[in-house]
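# Breakdown of the fold
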Amino acid sequence: MKKTLGAVAAAAAIALSLSACGGSAPAAEAKGEINYWLWDANQLPAYQQCADDFTKANPDIKVKITQRGWDDYWTTLTNGFVAGTAPDVFTNHLSKYPEYAAKKQLLSLDDAVAKDGIKLDSYTKGLPELWVGQDGKRYGLPKDWDTVGLFYNKAMTDSAGLTAEQMANLDWNPQDGGSYEKAIAHLTVDKNGARGDEAGFDKNNVAVYGLGLAGGGSGQGQTEWSFLTATTGWTHTDQNPWGTKFNYDDPRFQETIAWWAGLIEKGYMPKLETTVGASLADNFGAGKAAINTTGDWLIGQYQSYKGVETAFAPTPKGPEGKRASMFNGLADSVWAGSKNPAAAVKWVEYLGSTACQDVVAKKAVVFPALTSSSEIAAKAFADKGTDVSAFTTHVKDGTTFLFPIADKAAKVDGIMKPAMDAVLAGKKPASSLTEANNQVNALFK
Amino acid sequence: MTTITKLPDPVAGGSKHPQRGKNPRPGRGRRLGDLRIALLFILPAMVGFVAFFLIPTIRGIYLSFTEYSVLGDPTWIGTKNYTAIFADELFWNAMAVTVQYVGLNIGFQTVIALGLALLMHRVAKSTLIRGVLLLPFLVANVIVALLWFWMLDYQIGIVNEIINWFGLPRIAFFGSEQWAIPTIAGVNVWRHMGYTALLIFAGLQSIPSHVYEVASLDGASQTRTFWSITMPLLRPVLVLVLVVTVIGSFQVFDTVAVTTGGGPINASRVIQMYIYQKAFGESDFGYASALSVILFVILALVAFIQMKFLKGNESDLD
């Protein structure tokens, strides 16, 4: 029985692919099996629930979800485009989609949005526009958003005498680091128990670092440094989206990076070489760092460490008294080579609908893109006893700035990752980033 | 066949013996009738060779003259990729890093493998022990790399725990620029030494024992026997082993890819890693193809030089 079904499905798929190859009429009926990929294992249960609900409502369409780790996700996807085995629908990232759109691998969703009357203004402000390509066409429907915050070890701040209120009201400047640096210094403890701001502190034998280090942050520094650089008024590119000139030669940027890298020299932050193969979060869980700067998608993971109470504070206020956080949003896109575009579009619309985003919201793992669902998520977090105001405050106060969307992101990364690492490793001064910037800008000539 | 009289005088040094004329090759026209049946036997291997080596190589060479992002069609740009490569600092860095890796890897691997092979030949005659030496090679490369990646981890690795226990400072084996390549080379030496030893061991076994008897009758010391008999007679096998391991070593990729990914900074960005990064990371398949062609030429040259100057295709036993 199973075999015959498979044969029928195969025949149907061939028929569909034939009609798709014809390129004339889109497949009239939305049915069959579609493949969906995502990279975040934490969100898999929520989306599996969505898929089950979707199939219940549309018995003709089956959704097969595949989760792949971030590192393999993009190469497998590119290979899939070439080989014709890419998923019909996949979770897309702002740093990747411009190239795919330019190479005509993404299906424009404008017709579907118009036809099915999708209200783009019900998504959190700024998110839908991110997914409109350089050609003015829409290549994704927003699924969630994220901001950055300070994740800190409550027991450590308590013993250091720092209150939650103090942690939530830190300020920073690139010259002396402000109260942000003072807190980091005070939270750093060496092997003999001396704090980072006390006499006799041994910076070569640190037991607990005030600030954890994930890596150099490459060209974006989403969770590493962008929340600092942005408070100085610096922007990654001349315009966003679709900037063609990068600003890594700006003194405001280089000062910030110099201050940040200086924390290593002072013994407040681990050396870059110790981060290879290490996990920022696991080191935090092991009590080796007091503060981590990272994104809200990791709230669940940070709360899962036994014996560690993690609290959240908004990123520090900058020289002008305002905070900043990169605002990144994911979306679901349809592959242009999908053999079943009708069903794929239907699934993307479902993913972007309240039905699915409310399901995701209730799992309290991420903030869905729909404003209403996002509020449900905030409430779900609160019900679990988690105060997420550190992340929502950026959206409420309008202190977010958008992820820098530009063409040739992979090449920019190829230049900026070693360049940033060299500065952090103390091999080169921050001024060497001017040379890297020249290389980056040469890509766009 | 070998006779005692034809053997080189061990005292005079086997490697310096005069060249002997080769046996005259059988006539070319010999039994042309075998050709068809020969082709039939070659056919299966030929199909694989053409489909998986010849065509991809030719296509790779073609792509090296194009700009090609996989999605879309290649456009012919002449030798632009090659001129860009020669001006590319990262390419030269990758070459330097690769050569450093090959030097460390082959140096240690060959010496250790030779030592192991001698032990296998003279001392460890139990099949179990000989088998155990081969064990690391039976584990997949990526698994070996990950295993060592964890064992050598800065914070939680057992090796650093032991170092720390002795009161010495921890070492960022994969994280520091000085250690990254030696560490990766070391991991691969550990995996391959047993296998290389096995190849050399086979070579040792092919040296007839009466040569050693004669040497000991003449009162040659162990060291003298090793340098004047074992090494010269082992040469063809050693050359083959070197050619194979050097080529394999130049192609190091998986160990780097699953551990450092080319970092820190550019310290372990070996040429294969750079090719992969250009092709699959930055969708620059034309450039990556040109890099591959250059690597191909280099490897062909290395193999040629090794065969030519180390006379790997001749045996002193003739």
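Each chain carries its own residue numbering, running from 1 in the written order of its sequence. Both sets of labels track the order of writing: A upward for chains, 1 upward for ligands. In keeping with the predicted nature of the model, local features appear solely for residues at pLDDT of at least 70, side-chain atom pairs appear and are counted solely at 80 or more, and the whole-chain, interface and lining totals rest on all residues. Heavy atoms from the whole structure form the basis of all side-chain values; hydrogens and water molecules are not counted.

Another point: the overall build of chain B. In terms of regular secondary structure, chain B is built from 12 helices and two strands. Starting at the N terminus and walking to the C terminus, you meet the elements of chain B as α-β-β-α-α-α-α-α-α-α-α-α-α-α. Each residue is placed in one exposure class: buried if its accessible area under a 1.4 Å probe, protein chains only, is under 20% of its type's maximum, exposed if it is over 50%, and partly exposed if it falls in between. Considering chain B as a whole, with its 318 residues, one finds that 42% of them fall into the buried category. A contact between two residues is defined here by any heavy atoms of the two lying within 4.5 Å. By sequence separation, contacts in chain B at least 24 residues apart represent 66% of the contacts at least 6 residues apart. Summed over all atoms, the accessible surface of chain B reaches about 18000 Å², with 69% contributed by carbon and sulfur. The way it works is that DSSP assigns letters per residue, a run of H or I at least four long becomes a helix, a run of E at least two long becomes a strand, and they are numbered from the N terminus. Values of accessible area rely on a 1.4 Å probe in the Shrake-Rupley scheme; residue burial ignores everything except the protein chains shown.

Take the buried Ala, Val, Leu, Ile, Met, Phe, Trp, Tyr and Cys residues and link them wherever side-chain atoms come within 4.5 Å; each set so joined is a nonpolar core. Formed by 121 residues in total, the largest nonpolar core has its most connected members in Tyr36, Tyr47, Tyr97 and Trp347 of chain A. Considering each element in turn, this core owes the most residues, nine residues, to helix α12 (residues 285–309) of chain B. In terms of domain composition, this core takes at least three residues from each of domain 1 (16–145 + 329–383) and domain 2 (148–327 + 390–442) of chain A. Those residues within four positions of Tyr47 of chain A in sequence are excluded, and the remaining contacts are Tyr36, Leu38, Ile65, Lys143, Trp347, Leu351, Cys356 and Val360 of chain A. In terms of nonpolar packing, the next biggest core, distinct from the first, is built from 53 residues, Ala183, Val206, Trp234 and Trp259 of chain A among them. The split into domains, and so the bounds of each, comes from an automatic or database assignment of domains.

For the rest of this paragraph, the subject is helix α3 (residues 89–122) of chain B. Here α3 of chain B spans 49 Å end to end across 34 residues, near enough to the 50 Å set by a 1.5 Å rise per residue. Polar contacts here mean pairs of N or O atoms no more than 3.5 Å apart (in protein, one a potential hydrogen donor and the other a potential acceptor; neighbouring residues in sequence count only if both atoms are side-chain atoms). One side-chain oxygen at the N-terminal end of α3 of chain B lies 2.8 Å from the backbone nitrogen of Leu90 of chain B; it belongs to Asp88 of chain B. Working rule for helices: expected span equals 1.5 Å times residues minus one.

For the rest of this paragraph, the subject is the interface of chain A and chain B. Every contact between the two is made by 22 residues of chain A and, on the other side, 23 residues of chain B. Counting the surface lost from both chain A and chain B, the interface buries some 2000 Å², and carbon and sulfur atoms represent 62% of this. The term buried area refers to how much accessible surface (probe radius 1.4 Å) is lost by two components on association, counted for both of them together. Together, Glu273, Val276 and Lys411 of chain A form the three largest contributors to the area buried by chain A at its contact with chain B, with a combined 24%. Here Lys411 of chain A and Asp284 of chain B are joined by a salt bridge, their closest N and O atoms 2.8 Å apart. On inspection of chain A and its partner chain B, the count reaches four residue pairs in polar contact (both at pLDDT 80 or more). Examining the composition of the side of chain A that touches chain B, we find that six residues originate from one element, helix α18 (residues 409–424) of chain A, more than from any other. Just so you know the grouping, Ala, Val, Leu, Ile, Met, Phe, Trp, Tyr, Cys and Pro go in nonpolar, Asp, Glu, Lys and Arg go in charged, and all remaining residues, Gly too, go in polar. Residue composition of the side of chain A that touches chain B, by class: eight nonpolar, seven polar and seven charged. The working definition used for a salt bridge is a side-chain nitrogen of Lys or Arg within 4 Å of a carboxyl oxygen of Asp or Glu.

With that settled, consider the state of the cysteines. Residue and element names in this part refer to chain A. Criterion for a disulfide: a pair of cysteine sulfur atoms within 2.5 Å. Summed over all chains, the structure comprises one disulfide over all chains. For Cys50, the disulfide goes to Cys356, at an S-S distance of 2.2 Å. With the S-S dihedral at roughly 95°, the linkage between Cys50 and Cys356 falls on the right-handed side. Of this pair, Cys50 sits in helix α2 (residues 44–57) while Cys356 is found in helix α15 (residues 354–362), placing the two residues 306 residues apart along the sequence. The exposure class of Cys50 is buried, given its relative accessible area of 0%. Given the relative accessible area of 0%, Cys356 is considered buried.

Residue and element names in this part refer to chain B. Here Tyr274 is to be found in helix α11 (residues 271–281). C-alpha of Tyr274 to C-alpha of Asn160: the two residues are 114 residues apart in sequence and 30 Å apart in space. Every residue in contact with Tyr274, bar those within four places of it in the chain, is listed here: Asp88, Leu90, Phe91, Ala94, Arg269, Tyr287 and Leu291.

So, about the sheet that holds strand β5 (residues 148–153) of chain A. Residue and element names in this part refer to chain A. What makes two strands pair is DSSP finding at least two bridges between them. Across the sheet, which stays open at both edges, the five strands sit in the order β6-β7-β8-β5-β9 with mixed pairing between neighbours. The open sheet has two edge strands with one neighbour each: β6 (189–190) and β9 (310–314). Relative to strand β8 (residues 289–295), strand β7 (residues 206–211) runs parallel, the two sharing two bridges. Note that in β8 the partner of Leu211 across the bridge is Ile291.

Residues and elements named next belong to chain A. On domain assignment, one finds that chain A holds domain 1 (16–145 + 329–383) and domain 2 (148–327 + 390–442). Relative to domain 2, the C-alpha centre of domain 1 lies at a distance of 31 Å. Domain 1 puts 19 residues into the contact, and the matching count from domain 2 is 14 residues. At the boundary of domain 1 with domain 2, total buried surface from both sides reaches about 1600 Å², with 72% on carbon and sulfur atoms.

Turning to the confidence of the model for chain B, a few remarks are in order. For chain B, the average pLDDT comes to 85, and 88% of its residues sit at 70 or higher. pLDDT is a per-residue confidence score from the predictor, ranging from 0 to 100. Overall, residues 1–22 of chain B carries pLDDT values under 50, and its contacts beyond four positions in sequence, including any with other chains, amount to 24 contacts.

Once that is clear, we can look at the pairing of β5 of chain A. Residues and elements named next belong to chain A. Counting buried positions over the six residues of β5 gives six, a clear majority of the element. Note: β5 against β8, five bridges, orientation antiparallel. Across the sheet, the residue bridging to Val148 is Gly295, located in β8. By the bridge criterion, five bridges tie β5 to β9 in an arrangement that is antiparallel. Following the sheet pairing, Leu150 is matched in β9 by Ala313.

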